[in-house]
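Each chain, letter by letter, is given below.
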Amino acid sequence: MTPPDTSLAETLRPQAPAGTFRLFAAGDYAGLQEHLSVFGALDTGSIGPDFIGVLEASGLTGRGGAAFASWRKMAATAESGSAGILPSRPVVIANGAEGEPLSFKDRTLLANSPHLVLDGLLAANRAVAGSQMYLYAAPDSLAGVAGAIAERPDARRIRLVPAPETFVAGEASAVVNAIATGTALPLDKRRRLSEAGLKGRPTLVLNVETLAHIGLIARYGAAWFRSTGSPADPGTRLLTVSGPGPVQVQEVPGNAALGTILHDAGIDARALSAVLVGGYHGRWVRPLDYRISPSGPDGQAVRPGAGVILALPADQCGLAATARILNYLAGESAKQCGPCMFGLPAMAGVLHRIASGEPNPQLPRELDRLSKLVSGRGACHHPDGTVQLVHSALEIFADDVKAHLSGRCMREDGRTA
Amino acid sequence: MSDTLHIDWTKCDGRGLCTELLPALLARDDWGYPVSRRSRSGNRTDVPIGADSLDAAADAVRLCPRLALSLVGERTSRRA
Ligand code: SF4
Ligand code: SF4
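My aim in this report is to walk through the structure given alongside it, one point at a time.

Rules and cut-offs
- Residues numbered from 1 in each chain as written.
- Chains lettered and ligands numbered in written order.
- Predicted model: local features only at pLDDT ≥ 70, side-chain atom pairs only at ≥ 80, totals over all residues.
- Heavy atoms only, no water.
- Helix = DSSP H or I, 4+ residues; strand = E, 2+ residues; numbered from the N terminus.
- Buried < 20%, exposed > 50% of the residue type's maximum accessible area, 1.4 Å probe, protein only.
- Contact = heavy atoms within 4.5 Å.
- Areas by Shrake-Rupley, 256 points an atom, 1.4 Å probe, with all protein chains shown as cover.
- Lys, Arg positive; Asp, Glu negative; His and termini not counted.
- Charge placed at Lys NZ, Arg CZ, Asp CG, Glu CD.
- Salt bridge = Lys/Arg side-chain N within 4 Å of Asp/Glu carboxyl O.
- Buried area = accessible area lost by both parts, 1.4 Å probe.
- Polar contact = N/O pair within 3.5 Å; in protein donor to acceptor, adjacent residues only side chain to side chain.
- Near = heavy atom within 4 Å.
- Nonpolar A, V, L, I, M, F, W, Y, C, P; charged D, E, K, R; others polar.
- Pairing = 2+ DSSP bridges.
- Axes fitted to C-alpha atoms, helices over the stretch in contact; angles between N-to-C directions.

From N to C terminus, chain A includes 14 helices and twelve strands. The principal-axis extents of the C-alpha atoms in chain A amount to approximately 70 × 45 × 35 Å. Out of the 417 residues in chain A, the part that is buried amounts to 56%. Considering only residue pairs separated by 6 or more positions, chain A has 69% of its internal contacts joining residues 24 or more positions apart. In the form shown here, chain A has an accessible surface area of approximately 16,700 Å², with 55% of it arising from carbon and sulfur atoms. Of the side-chain charges in chain A, 38 are positive and 37 negative, and the distance between the mean point of each set is 6 Å.

Structure, rendered in structure tokens:
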């Protein structure tokens, strides 16, 4: 493969990981020694603003859900940091709050490769000339991270902040709010965080997996990062795959085939009725030829979101499963914004009536009306994500909806029959 | 170009004073909260305001009991 592009002397640099096994290459619960012997040292002190250009060349996108180009977020933060009469140095936050109940990848990463995340955080902080660094994650994860920080002198300035285990706790403005006030609720977004976030400073919030990739790109360069995945979706990403078997965290190339992912997880795609991709704000799809990628046509690509894959066995009712998820999402509304606080429970109620087989042909129309009503009306994307899930359920389980409206359920676990 | 009326949903209590002042722009939803009658690419939190509604919108901003409304110029209304 192409030699990595880095300024480190050849002798200091162990071989870059080949293939798609990258983020866990240093082994289980890697300490600083294993980390350094596998990845080599990283001189974060030599990183400056030009690293943002390397990230741009790498094509790295955020691995927390929204899949923004990481370099753009960084460039915007760096720019606001140096703008104005009284420049204010940025804050960089590593976000490991994994609110998705089906996501385990971030805590797995923090437990096994904490040093890669720390490297990424230090590198990102240098690139935007930041003044303060935080790592925000569930208390269980923080204990391991604190141990990793104690192993190295360069990470002592990173402050650890516990994240509550709520669905919205990882939303970027909720992260900032949690650090500032201890309340992990989303904020109104009249101003961008990159302009005015924590204590009014330009604030960069990056997912911990995104930072781990940055820790590798800082060592091996953009060309190495792009040596797997596709041109539009380079590098690797972590997925949490759950279904009939035990939950697994997989590292897969960008633009990976859903069929391969299921196969590697030991799941027989023919025995499934549908697959939920992206998490509770994601989309149900049939387990056909989909690619997991943030870009691409709707019929061929499905967005990875928070990296969650849930396989639904053919004997389970997708409407009932979605109704349960919707109940959960309605309960996780932070109850700050009226349309979300009232609209989501209303949607959940209608979907439950459909799922339980109420023979009322008006119900899908009512669900559609409520979906349109809540869309785009909240301080965060919780209503929109919920609407996306419901839309995909009504589309993928259209035959089930018909059956339910006539008082039947096509699945064995349905209680409608 | 036009300005927008930004609704801070975390403050709005849905009593609907703004919908009375700006009936051409805002309707009320099932629960009383303002709904933009127009939207710009799915964004219904920043309501586009024509020049003819600017004064009424400024009144709404001033009179909203929860200070949930603000006028944002076209250039600064884009959000992350
Ligand atoms: S949209 Fe919902 S989840 Fe998001 S801040 Fe408002 S009430 Fe909370
Ligand atoms: S006047 Fe203010 S508080 Fe009342 S509905 Fe309008 S925005 Fe909400």
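Residues and elements named next belong to chain A. Throughout the structure, instances matching the rule amount to 20 salt bridges over all chains. Residues Arg219 and Asp119 are paired through a salt bridge, measuring 2.8 Å at the closest nitrogen-oxygen approach. With Arg219 in helix α8 (residues 208-225) and Asp119 in helix α5 (residues 114-127), the pair connects residues that are 100 residues apart, well separated along the chain. The buried category is assigned to Asp119, whose relative accessible area is 3%.

A separate point is the interface of chain A and chain B. Interfaces are frequently sized by the accessible area removed from exposure as the parts join. Between chain A and chain B, the contact holds 23 residues from the first and 20 residues from the second. Across the chain A to chain B interface the summed buried area is about 1,900 Å²; carbon plus sulfur atoms make up 53%. The largest contributions to the chain A side of the interface with chain B come from A:Arg190, A:Arg192 and A:Arg377, which together make up 36% of the buried area. Taken together, chain A and chain B are joined by two salt bridges. Inspection of the chain A/chain B interface yields ten residue pairs in polar contact (both at pLDDT 80 or more). Residue assignment for the side of chain A that touches chain B shows that the elements contributing at least two residues are α11 (338-355) and α12 (363-374) of chain A.

This part covers the site of ligand 1. Contacts to ligand 1 come from 13 residues, most closely from A:Ala334, A:Gln336, A:Cys337, A:Cys340 and A:Cys380. Its residues placed into classes, the shell around ligand 1 shows eight nonpolar, four polar and one charged.

This brings us to the sheet that holds strand β1 (residues 91-96) of chain A. Residue and element names in this part refer to chain A. Pairing is parallel across the open sheet formed by four strands, whose spatial order is β3-β2-β1-β4. Only two strands of the sheet have a single neighbouring strand rather than two, namely β3 (158-162) and β4 (203-207). Shown here is a sheet whose adjacent strand axes are inclined to one another by a mean of 25°, direction ignored. In this sheet, strand β2 (residues 132-137) lies alongside β1 in parallel orientation, the contact comprising six bridges. Paired with Ile93 across the two strands is Tyr134, which belongs to β2. Contacts between helix α7 (residues 172-181) and the sheet are confined to β1, β2, β3 and β4, with β2 contributing the most and set at about 105° to the helix. Each of β1 and β4 is contacted by α8, which is oriented at about 90° to β4, the strand it contacts most.

Another point: the sheet that holds strand β4 (residues 46-49) of chain B. For sheets, the rule is that strands pair by backbone hydrogen bonds, running either parallel or antiparallel. Residue and element names in this part refer to chain B. Taken in spatial order, the three strands make up an open sheet running β4-β1-β5, and their pairing is antiparallel. Every interior strand has two partners, whereas the edge strands, β4 and β5 (69-72), have only one. Neighbour-to-neighbour, the strand axes of the sheet open up by a mean angle of 30°, direction not taken into account. Pairing geometry for strand β1 (residues 3-7) and β4, over four bridges, is antiparallel. Looking at β4, one finds that His6 is bridged to Asp46. Taken strand by strand, helix α2 (residues 54-63) contacts β1, β4 and β5, and its axis lies near 140° from that of β5.

Our focus in this paragraph is the site of ligand 2. Every residue close to ligand 2 is listed here: B:Cys12, B:Asp13, B:Gly14, B:Arg15, B:Gly16, B:Leu17, B:Cys18, B:Pro34, B:Cys64, B:Pro65, B:Arg66 and B:Leu69. Class assignment for the residues of the shell around ligand 2 results in seven nonpolar, two polar and three charged.

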